[in-house]
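Structural characterization, general
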Amino acid sequence: MKTIFKQLLILSTLIVTGCVGSSPPEANESAPEVKEGIDVQKNPVAAIQKVIELGKNTPPEAIANRDPVEPISFKELLEYLPPAPRGWQAQEPEGETNSFANYSISQVSRAYVRGNKKMQVSIFDWAFNSALYTPFLLSTEFSQESTAGYNKGIKIGDMPGREEYTYDRQEGSLNLLVNSRFLVQIDGSNIEEEELREWWNLMDSQALSKINSK
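Computed from a predicted model, the values in this text were never measured in an experiment. (Residues numbered from 1 in each chain as written. Predicted model: local features only at pLDDT ≥ 70, side-chain atom pairs only at ≥ 80, totals over all residues. Heavy atoms only, no water.)

1. Quick word on the overall build of the protein
Using the following cut-off: Secondary structure counts use DSSP, requiring at least four H or I residues in a row for a helix and at least two E residues in a row for a strand, with both numbered from the N terminus. Each residue is placed in one exposure class: buried if its accessible area under a 1.4 Å probe, protein chains only, is under 20% of its type's maximum, exposed if it is over 50%, and partly exposed if it falls in between. Should any heavy atoms of two residues lie within 4.5 Å, those residues are counted as being in contact.
Scanning the protein from N- to C-terminus turns up 7 helices and 11 strands. In the protein, which comprises 214 residues, the share counted as buried stands at 40%. By sequence separation, contacts in the protein at least 24 residues apart represent 61% of the contacts at least 6 residues apart.

Given below as structure tokens:
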């Protein structure tokens, strides 16, 4: 099923580049809750149909409805990393701003440890670069689960994302996109599944979403 999932991501990329598409989808205004994408393993046909549907309804000009902006300084972005919860130790944060072509991206990260547990929180300012956030948005429509673990698209409130977890290694990752601009990535090792979302609750996503986009 990994092959099917990769094919879906390739099709999503084709949608971004304009190989498929015609009109924009309606915005989801649902109350804060957790939703999951289509399970690729259980229903691959429905997943492929979803890609085709997205392709018909989501042309690049409709998705890229915001002009790219200059990212905020990584020094400012450091302020949005969460403090260490009780019982955890926070290591020194890291940050940088990189430019490529006509775009720039700021990113910061910080590791936290508690015994043999480790969490790392990263924030990326994608600066409304649709080439980055559009493929991610499309990938959140699909899910895959097996005896080894899962990799699923989710939505928490109005924030789309992906969540992964491997049972035997007790490793996981939660990625959520705030305001089509900031990607919050939470990676953990030697953790239980629910800890990923517990750490997400430590994030001030509302403050991120209010950052001036000019």
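From this point on, the discussion continues.
2. Describing the packing of aromatic side chains
The line we're drawing: We call Phe, Tyr and Trp rings a pair once their centres come within 6.5 Å, taking the six-membered ring for Trp, and we label the pair stacked below 30 degrees between planes, edge-to-face above 60, and tilted otherwise. Here, a charge over a ring means that NZ of Lys or CZ of Arg falls within 6 Å of the ring centre while also lying within 35 degrees of the ring normal.
Considering all chains together, one arrives at 6 aromatic pairs under this definition. Consider the rings of Tyr 165 and Tyr 167, whose centres lie 5.9 Å apart with planes at 65°: the pair is edge-to-face. Under the relative-accessibility criterion, Tyr 165 is labelled buried at 4%. Taken together, the ring pairs in this structure connect Trp 88, Tyr 112 and Trp 199 into an aromatic cluster. One Lys or Arg, Lys 152, reaches over the ring of Tyr 150 and ends 4.4 Å from the middle of that ring.

3. Observations regarding the pairing of strand S4 (residues 94–100)
Each regular strand displays side chains that alternate between the two surfaces of the sheet. To keep it simple, the criterion reads: Paired strands, in this sense, are two strands between which DSSP finds at least two bridges.
Summarising the sheet, S4 and strand S5 (residues 103–114) pair through 7 bridges and their orientation is antiparallel. Its bridge partner lying in S5, Asn 98 is registered against Ile 105. Where S4 folds back on S5, the antiparallel hairpin that results is connected by 2 residues, among which Ala 101 adopts a positive phi of roughly 55°.

4. Topic: a negative patch on the surface
Under the convention used in this document: A patch consists of residues exposed above 30% relative accessible area that lack any salt bridge, with like charges linked at up to 9 Å and nonpolar side chains (Val, Leu, Ile, Met, Phe, Trp, Tyr) linked at up to 5 Å. Method for areas: the Shrake-Rupley scheme with a 1.4 Å probe, in which residue coverage is limited to the protein chains shown. We count a salt bridge whenever a side-chain nitrogen from Lys or Arg sits within 4 Å of a carboxyl oxygen from Asp or Glu. Think of it this way: Lys and Arg go in the positive column, Asp and Glu in the negative one, and His and the chain ends go nowhere. Charged side chains are reduced to one point each, which is NZ for Lys, CZ for Arg, CG for Asp and CD for Glu.
Residues Glu 145, Glu 192, Glu 193, Glu 194 and Glu 198 make up a contiguous surface patch of negative charge. Relative to the helices and strands, Glu 193 resides in the loop between strand S11 (182–189) and helix H6 (194–200).

5. Remarks on the environment of Pro 71
Topologically, Pro 71 is positioned in the loop between helix H3 (60–63) and helix H4 (74–77). Every residue in contact with Pro 71, bar those within four places of it in the chain, is listed here: Ser 104, Ile 105, Ser 106, Asp 125, Ala 127 and Arg 181.

6. Notes on the pairing of strand S8 (residues 149–156)
Of all 8 residues in S8, 7 are buried; the element is thus mostly enclosed. The sheet contact formed by strand S7 (residues 142–145) and S8 spans 3 bridges and is antiparallel. Residue pairing in the sheet places Gln 144 in a bridge with Asn 151 of S8. The antiparallel pairing of S7 with S8 creates a hairpin that spans 3 residues between the two strands. One ladder, built from 8 bridges, connects S8 with strand S9 (residues 159–166); its direction is antiparallel. Bridge pairing in S9 places Tyr 150 opposite Tyr 165. Where S8 folds back on S9, the antiparallel hairpin that results is connected by 2 residues, among which Gly 157 adopts a positive phi of roughly 65°.

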